[in-house]
Amino acid sequence: MPAVSKGDGMRGLAVFISDIRNCKSKEAEIKRINKELANIRSKFKGDKALDGYSKKKYVCKLLFIFLLGHDIDFGHMEAVNLLSSNKYTEKQIGYLFISVLVNSNSELIRLINNAIKNDLSSRNPTFMCLALHCIANVGSREMAEAFASEIPRILVAGDTMDSVKQSAALCLLRLYKTSPDLVLMGEWTSRVVHLLNDQHMGVVTAAISLITCLSQKNPDEFKTCVSLAVSRLSRIVSSASTDLQDYTYYFVPAPWLSCKLLRLLQCYPPPEDGAVKGRLVECLETILNKAQEPPKSKKVQHSNAKNAILFEAISLIIHYDSEPNLLVRACNQLGQFLQHRETNLRYLALESMCTLASSEFSHEAVKTHIETVINALKTERDVSVRQRAADLLYAMCDRSNAKQIVAEMLSYLETADYSIREEMVLKVAILAEKYAVDYSWYVDTILNLIRIAGDYVSEEVWYRVIQIVINRDDVQGYAAKTVFEALQAPACHENMVKVGGYILGEFGNLIAGDPRSSPLVQFNLLHSKFHLCSVPTRALLLSAYIKFINLFPETKATIQEVLRSDSQIRNSDVELQQRAVEYLKLSSIASTDVLATVLEEMPPFPERESSILAKLKKKKGPGAVSVAELEEGKREGGELNGGADRGADTGAMATSNASTPSPSADLLGLRSVAPVGSAAPSTGSLLVDVFSEAGPAAPSAAVNDDGFLRDLEQPTETSDSLLVEGPGDSDSTPPSEDPAPPLSEADELLNKFVCKNNGVLFENQLLQIGIKSEYRQNLGRMYLFYGNKTSVQFASFTTTVSCPGELQSHLNVQTKPVEPLVEGGAQVQQVLNIECLTDFCDAPLLNIKFRYGGALQNLTLKLPVTINKFFQPTEMTSHDFFQRWKQLSQPQQEAQKIFKASHGMDTEVLKAKLLGLGSALLDNVDPNPENYVCAGVIQTKGQQVGCLLRLEPNAQAQMYRLTLRCSKESVSRRLCELLAEQF
């Protein structure tokens with residue numbers, strides 16, 4: 001663009017700015033500004049027409065006053081008038097004023113848009129660039145509506161100058177980010193992608209930012225960019241620093257473009273074309289080789305540019321996770337950075353190695369740097385680097401080095417920064433549990449953890465140690481002995497008292513034979529801590545005391561005296577008072593047998609997800625799974641596996657019918673998990689039958705051992721007329737309106753049922769629809785429950801199930817009639833029998849019509865009948881699985897998708913969802929234990945479709961790679977689409 005010449009200098013503006021700077025006080029500045037505003041206002045309102053120079057000068061002053069923080073409420077029209085000037089400086093000031101001060105709702109927006117259109121069609125590159133910059137700076141929806149269709153044409157036009165193309169690409173990117181629904185590439189897609197081949201590097205750099213953003217939202221439309229990006233990257237990487245002189249930065253050719261190309265490639269899986277993939281691998285190897293070369297300059301800019309490309313290349317290698325040689329080389333290169341003098345490089349190396357540690361190919365290579373990482377944890381001055389070192393130790397831990405890493409992390413905890421102690425505690429607890437071969441070591445580790453950092457040990461940690469001790473007979477005696485010794489310390493953390501009270505109350509009898517830990521000694525030791533503890537811990541200790549009476553009758557008199565004291569039965573805290581009174585009465589009137597029954601040892605807890613892991617995920621912040629999502633996952637898992645978790649509270653430790661829950665109750669965090677037998681909180685009692693273990697009563701659709709859904713196999717006279725049609729009751733007049741289109745959220749509601757069969761399909765203020773379904777081979781039965789949530793009757797209640805388009809020939813659905821009147825607060829049931837004739841993609845539609853208060857209600861949903869419902873699980877050995885995997889090697893038989901995790905990457909939840917899919921989850925088949933493989937057969941009436949699944953999670957990158965191989969192409973694609981929405 002042309003520079004502003006000296007003749008264009010505005011002396012009046014310079015004098016005004018000088019006056020402002022010379023003001024001695026805020027009052028003097030305001031006075032000078034008000035004087036200038038009055039002068040400008042009078043000039044704009046004067047009879048004498050202002051020339052372009054004067055308008056520009058006064059508009060510039062207004063802009064300067066605005067930037068000082070003062071409101072400007074005039075001058076907008078004069079700025080718009082400057083847009084029609086043919087002088088660059090005047091037009092530039094006009095656009096600048098509009099970009100900063102004009103609101104998108106301004107009445108002048110139409111005039112501005114007309115001026116912009118004139119400049120865009122002027123073919124003057126300078127004016128076109130100014131107009132494009134203004135559109136991008138304002139970036140409003142109105143701008144997008146006016147110019148979204150025009151800018152792509154300018155971008156790809158053959159006669160458009162390079163500088164204009166750059167501005168057009170960045171302008172289009174801005175509009176796409178603000179209004180993606182208005183920026184439709186359509187016919188321009190291929191031409192925009194081919195800008196990667198443009199000879200002008202500036203155009204390529206601008207275009208690749210746009211293409212990367214578009215690819216993230218529409219990867220399939222822009223997948224042709226991969227080969228072009230690899231080609232362009234290859235040319236840059238193989239070029240000398242002198243080849244691209246204008247774009248060489250401190251001896252590094254086009255570093256910004258290289259980074260953007262590598263980032264674009266991370267939006268896609270590895271190229272399928274062997275030649276393209278080979279060329280890309282060659283590029284990555286060249287980048288790694290250049291990193292080993294001596295630097296060509298000592299300037300920090302050279303090393304920054306070089307390392308930026310290197311780290312982006314390593315990110316791409318990690319993303320592909322398919323080239324063992326490159327992964328190991330990347331790990332070795334990062335290992336050299338661990339001792340670099342630059343703090344930022346050490347930080348980035350630790351962060352990247354955390355991701356490499358999760359790859360089966362590079363995990364061992366990462367472990368070789370364990371001593372360097374431990375040293376970084378101890379000696380780094382920057383807390384953020386120390387935190388990354390702790391993350392890397394956590395990521396590289398396995399059975400071979402668990403004890404060393406846990407010991408080092410415990411040692412570091414004593415001097416660790418307060419900001420990371422809680423996360424460190426959680427990581428130590430998880431590693432100790434995950435890799436505990438000897439559970440006595442686990443107990444020692446957790447108690448040591450409480451001793452070192454008791455204030456940072458959350459409830460989840462000591463809940464978990466109690467759960468594990470109760471579930472393992474071999475460690476109970478050792479745990480009781482160890483915790484007894486730990487309680488003897490003069491300064492004992494309250495969490496230690498909680499663990500001690502629980503374990504001694506349950507297993508104190510295992511160490512009572514030693515005179516040094518006799519029952520009375522145990523009681524006195526616990527009671528010596530009583531007055532120092534909070535109310536929840538005191539409540540737990542009272543429960544331990546009543547347990548002692550059952551375990552050690554000789555302590556009964558001593559404990560009753562404590563319970564009888566005024567400090568207990570007259571305690572100001574109602575919880576402690578109630579426990580003391582009830583426990584005292586229980587110990588006085590109950591016989592030995594009754595006492596033993598009420599206070600029997602806690603039974604083992606069901607195996608379930610570690611609550612510590614959930615806590616760590618919550619601590620990790622953005623991108624981590626929320627507690628609500630985790631609980632939802634657990635609920636789904638419970639339904640899929642046919643059982644619900646049970647809770648354990650401190651009251652239950654003493655008696656099963658304590659009337660007031662304790663603040664310290666729910667030791668294992670289980671209470672928040674809704675039992676399978678309960679309905680959703682908002683449903684009242686409407687859908688109790690939906691979640692009951694026994695199916696709803698349906699005499700005409702019985703299921704027996706001889707034939708599943710026998711009335712489907714042998715239709716009655718009435719069932720013939722019910723095929724895909726709603727009931728036609730003569731006593732009611734069905735509404736005659738056409739069915740409404742499916743709800744906008746119909747697909748989202750359907751996706752919730754891909755991996756589960758029971759639940760609430762839809763709910764609004766009037767109606768709730770619940771589902772319970774079961775499938776066997778190619779047959780299925782679905783129970784629909786329609787609940788009236790109001791106190792007013794639903795009249796003319798009709799339902800219609802339809803199979804749109806080709807689905808009629810793929811799926812056979814028979815319905816049973818539904819009552820035409822639904823009383824307020826009542827629920828009616830409908831039974832659907834389903835037969836899968838061949839594989840399908842669409843879902844049947846359920847239309848519900850009824851009158852509520854005279855008004856017609858008409859809604860349409862998608863029934864959650866998906867192809868995976870007809871899965872039959874197939875067990876396979878590792879050899880059989882991979883042999884079959886190789887047989888299904890045709891390109892059309894495989895469907896693969898790499899996608900970002902939208903839920904938490906929790907092991908138990910993932911397993912529950914894969915089991916809910918219907919296939920068999922195969923253990924010890926994949927060489928990488930972190931991966932999941934499944935096998936099954938889709939049963940249809942016409943054929944059987946074999947399906948193999950492999951899910952590869954990358955916890956560090958929070959991404960999945962899902963691969964499906966099926967004997968039928970359409971099944972692979974459909975299952976891939978369905979499953980990608982579940983994780």
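Use the structure listed above.
First, a word on scope: everything that follows refers to the structure included in this document. (Residues numbered from 1 in each chain as written. Predicted model: local features only at pLDDT ≥ 70, side-chain atom pairs only at ≥ 80, totals over all residues. Heavy atoms only, no water.)

1. Looking at the side chain of Q522
Here is step 1 of the chain: Looking at the element boundaries, Q522 is found in helix α28 (residues 519-527).
Here is step 2 of the chain: With a relative accessible area of 0%, Q522 lands in the buried category.
Here is step 3 of the chain: Within the local environment of Q522, its side chain forms a polar contact with the backbone oxygen of G508, the two atoms lying 3.0 Å apart.
Here is step 4 of the chain: Excluding residues that lie within four positions of it along the chain, Q522 makes contacts with F484, L504, G508, I511, A512, S517, F548 and F552. (Helix = DSSP H or I, 4+ residues; strand = E, 2+ residues; numbered from the N terminus. Buried < 20%, exposed > 50% of the residue type's maximum accessible area, 1.4 Å probe, protein only. Polar contact = N/O pair within 3.5 Å; in protein donor to acceptor, adjacent residues only side chain to side chain. Contact = heavy atoms within 4.5 Å.)

2. With respect to the sheet that holds strand β4 (residues 767-776)
Here is step 1 of the chain: Read from one edge to the other, the open sheet built from five strands follows the order β3-β4-β5-β8-β7, with strand pairing classed as antiparallel. The outermost strands of the open sheet, each flanked by one partner alone, are β3 (758-763) and β7 (811-815). Going from strand to strand, the sheet's axes swing by 25° on average, the running direction of each strand aside.
Here is step 2 of the chain: By the bridge criterion, five bridges tie β7 to strand β8 (residues 827-836) in an arrangement that is antiparallel. Paired with Q814 across the bridge in β8 is N833. (Pairing = 2+ DSSP bridges. Axes fitted to C-alpha atoms, helices over the stretch in contact; angles between N-to-C directions.)

3. Some details on the sheet that holds strand β9 (residues 845-852)
Here is step 1 of the chain: With respect to topology, three strands assemble into an open sheet ordered β6-β9-β10, the strand pairing being antiparallel. Because the sheet does not close on itself, it has two edges, and the strands there are β6 (794-802) and β10 (855-862). Geometrically, the sheet is characterised by an average inter-axis angle of 15° between neighbouring strands, direction not taken into account.
Here is step 2 of the chain: Where β6 and β9 come together, seven bridges link them in antiparallel fashion. In the sheet register, F794 faces β9, and the bridge partner there is Y852.

4. Regarding the pairing of β10
Here is step 1 of the chain: Pairing analysis gives eight bridges linking β9 to β10, with the strands arranged antiparallel. By the bridge assignment, F850 is partnered in β10 with Q857.
Here is step 2 of the chain: In this structure, the hairpin formed by β9 and β10 is closed by a connection of two residues, where G853 is found at a positive phi of approximately 60°.

5. Brief notes about the packing of aromatic side chains
Here is step 1 of the chain: Within this structure, the stated rule accounts for 22 aromatic pairs.
Here is step 2 of the chain: Judged by centre distance (5.7 Å) and plane angle (25°), the ring pair of F881 and W885 falls under stacked. One end of the pair is F881 and the other is W885, both in helix α40 (residues 878-887) and four residues apart, which spans about a single turn. We note that F881, like W885, is buried. (Phe/Tyr/Trp six-rings, centres within 6.5 Å; stacked < 30°, edge-to-face > 60°.)

6. Examining the packing of helix α5 (residues 88-101) against helix α7 (residues 125-138)
Here is step 1 of the chain: Contact geometry of α5 with α7 gives a least axis separation of 9 Å together with a crossing angle of 10°. In terms of orientation, α5 lies roughly parallel with respect to α7. Every residue of α7 that contacts α5 at Y88, K91, Q92, Y95, I98 and S99 is listed here: T126, F127, L130, A131, C134, N137 and V138.
Here is step 2 of the chain: When grouped by side-chain class, the residues that make up the contact of α5 with α7 number eight nonpolar, four polar and one charged. (Parallel < 35°, antiparallel > 145°, perpendicular 65-115°, else oblique. Nonpolar A, V, L, I, M, F, W, Y, C, P; charged D, E, K, R; others polar.)

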